[in-house]
Amino acid sequence: MLPSLLITHKEENTCLIDNFKRAFDLVLGFEGGYTDDPSDSGGKTKFGISKKAYPDEDIVNLTLNRARELYKRDYWDRCKCDLLPNNLDIMVFDTAVNMGIGYASKSLQKSIGATADGKIGPQTLRLVAVSKPSDVIAKYMTRRTLRYHKIAVQNPKNEKFMKGWINRVFSLYLKII
């Protein structure tokens, strides 16, 4: 059984649907519209939804509503963001969108001292519930920033994205605190 703190933190603040809406709106602010940058390994991308991640989607004609459905089902729900504290939920969601669900989940687990298996389950949620969200966010942001640096070092064609990636992390932080 999860501690009641895990449930009540959302009830005391914003309702779950509003948190997803807020997270979705913030992600759209970073992801923007349609792009097809040859340097971007995701290929054709619209609203942050890439052809690489969704080969069966018509990216060019992707609607905002369809993007919202995909984000809710494949990122927000899979990362169990509705069970995370306010603001940490948005940081994890944005990381999942930008860096993948596996990285977002493992980074959260490492930030709270859980086993980093990439699956947000009861152990992870228990540790999140007893952690101070601002401390977790600080550790999480550090991990994310260092990961971006590693990506750019390992593949120099990604260096041109580095400034935008780092700005995204800190801009998101300023918007959620």
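Residues numbered from 1 in each chain as written. Predicted model: local features only at pLDDT ≥ 70, side-chain atom pairs only at ≥ 80, totals over all residues. Heavy atoms only, no water.

Could you clarify how one ought to interpret helix 7 (residues 133-154) in this entry?
Helical periodicity: at 3.6 residues per turn, an α-helix aligns residues three or four positions apart in one direction. The first and last C-alpha atoms of helix 7 sit 31 Å apart over 22 residues, in line with the 32 Å expected at 1.5 Å per residue. Taken together, the buried positions of helix 7 are occupied by Val136, Ile137, Tyr140, Met141, Arg144, Thr145, Tyr148 and Ala152. The arc that holds the buried residues of helix 7, viewed along the axis, is 165°, so those residues lie on one side. In helix 7, the exposed positions angled more than 90 degrees off the buried face are occupied by Leu146, Val153 and Gln154. Buried-residue contacts for helix 7 involve helix 4 (88-99), helix 5 (101-112) and helix 8 (159-176). (Helix = DSSP H or I, 4+ residues; strand = E, 2+ residues; numbered from the N terminus. Expected span 1.5 Å × (residues − 1). Buried < 20%, exposed > 50% of the residue type's maximum accessible area, 1.4 Å probe, protein only. Arc of directions from axis to C-beta. Contact = heavy atoms within 4.5 Å.)

Is there a simple way to think about the environment of Tyr34 in this case?
With respect to the helices and strands, the residue Tyr34 is situated in strand 1 (residues 34-35). Tyr34 sits 15 residues away from Ile49 along the chain, and the two C-alpha atoms are 9.2 Å apart. Aside from chain neighbours lying at most four places away, what touches Tyr34 is Lys44, Thr45, Lys46, Ile59 and Val60.

Looking at this model, I keep getting lost on the packing of aromatic side chains. Mind explaining?
The geometry of an aromatic ring pair comes down to the distance between the two centres and the angle between the two planes. For the coordinates displayed, the defined rule picks out 9 aromatic pairs. Between the aromatic rings of Phe24 and Tyr71, the centroid separation amounts to 5.7 Å while the plane-to-plane angle is 65°, which identifies the pairing as edge-to-face. Of this pair, Phe24 sits in helix 2 (residues 16-31) while Tyr71 is found in helix 3 (residues 64-76), placing the two residues 47 residues apart along the sequence. No difference in accessibility class separates Phe24 from Tyr71, as the two residues are buried. Both rings, one in Tyr71 and one in Phe93, keep their centres 5.8 Å apart while their planes meet at 75°; by these two values the pair is edge-to-face. One end of the pair, Tyr71, is in helix 3; the other, Phe93, is in helix 4, with 22 residues separating them in the sequence. Taken individually, Tyr71 and Phe93 each receive the classification buried, so the pair is uniform in this respect. Pairwise contacts between aromatic rings join Phe20, Phe24, Tyr71, Tyr75, Trp76 and Phe93 into one cluster. (Phe/Tyr/Trp six-rings, centres within 6.5 Å; stacked < 30°, edge-to-face > 60°.)

Help me understand the sheet that holds strand 1, please; the structure alone is not making it clear to me.
Pairing between the strands of a sheet comes from backbone hydrogen bonds, and it takes one of two forms, parallel or antiparallel. One open sheet accounts for 3 strands, arranged 1-2-3; its pairing is antiparallel. Two strands lie at the open edges of the sheet, namely strand 1 and strand 3 (49-50), each paired on one side alone. Here 2 bridges tie strand 2 (residues 45-46) to strand 3, and the two strands are oriented antiparallel to one another. Following the sheet pairing, Thr45 is matched in strand 3 by Ser50. (Pairing = 2+ DSSP bridges.)

Would you explain the pattern of salt bridges in this entry?
When charged atoms on two side chains of opposite charge get close, those side chains can pair. Applying the stated rule across the entire model yields 9 salt bridges. One salt bridge in this structure joins Asp94 and Arg144, with 2.6 Å as the shortest N-O distance. Here Asp94, found in helix 4, pairs with Arg144, found in helix 7; they are 50 residues apart in sequence, far enough to count as distant. Overall, Asp94 belongs to the buried group, its relative accessible area being 0%. For Arg144, a relative accessible area of 0% translates into the label buried. (Salt bridge = Lys/Arg side-chain N within 4 Å of Asp/Glu carboxyl O.)

When you look at the layout of surface pockets in this model, what are you seeing that I'm missing?
It is a probe the size of a water molecule, rolled over the atoms, that shows where empty space is left. One number sums up the size of the largest pocket: a volume of about 1000 Å³. Together, 30 residues line the largest pocket, and Asp40, Ser41, Gly42, Asn98 and Trp165 are the ones closest to its centre. A class-by-class count of the residues in the lining of the largest pocket yields 11 nonpolar, 13 polar and 6 charged. (1 Å grid on protein atoms, 1.4 Å probe; cavity = no way out; pocket = protein on both sides within 12 Å on 5 of 7 lines; lining within 4 Å. Points joined across faces, edges and corners; volume = space filled by probe spheres on them. Nonpolar A, V, L, I, M, F, W, Y, C, P; charged D, E, K, R; others polar.)

Explanation requested: the packing of helix 4 against helix 7 in the structure shown.
Each packed pair of helices is defined by two parameters, the angle between the axes and the distance between the axes. Interhelical geometry of helix 4 versus helix 7 gives an angle of 15° and a closest axis separation of 10 Å. Between helix 4 and helix 7, the angle falls in the class roughly parallel. Once helix 4 is placed against helix 7, the crossing between them reads as left-handed. Residue-level contacts link Leu88, Met91, Val92, Asp94, Thr95, Asn98 and Met99 of helix 4 to Val136, Ile137, Tyr140, Met141, Arg144, Arg147, Tyr148 and Ile151 of helix 7. In terms of residue class, the contact of helix 4 with helix 7 is built from 10 nonpolar, 2 polar and 3 charged. (Axes fitted to C-alpha atoms, helices over the stretch in contact; angles between N-to-C directions. Parallel < 35°, antiparallel > 145°, perpendicular 65-115°, else oblique. Left-handed = near helix turned anticlockwise from the far one by under 90°.)

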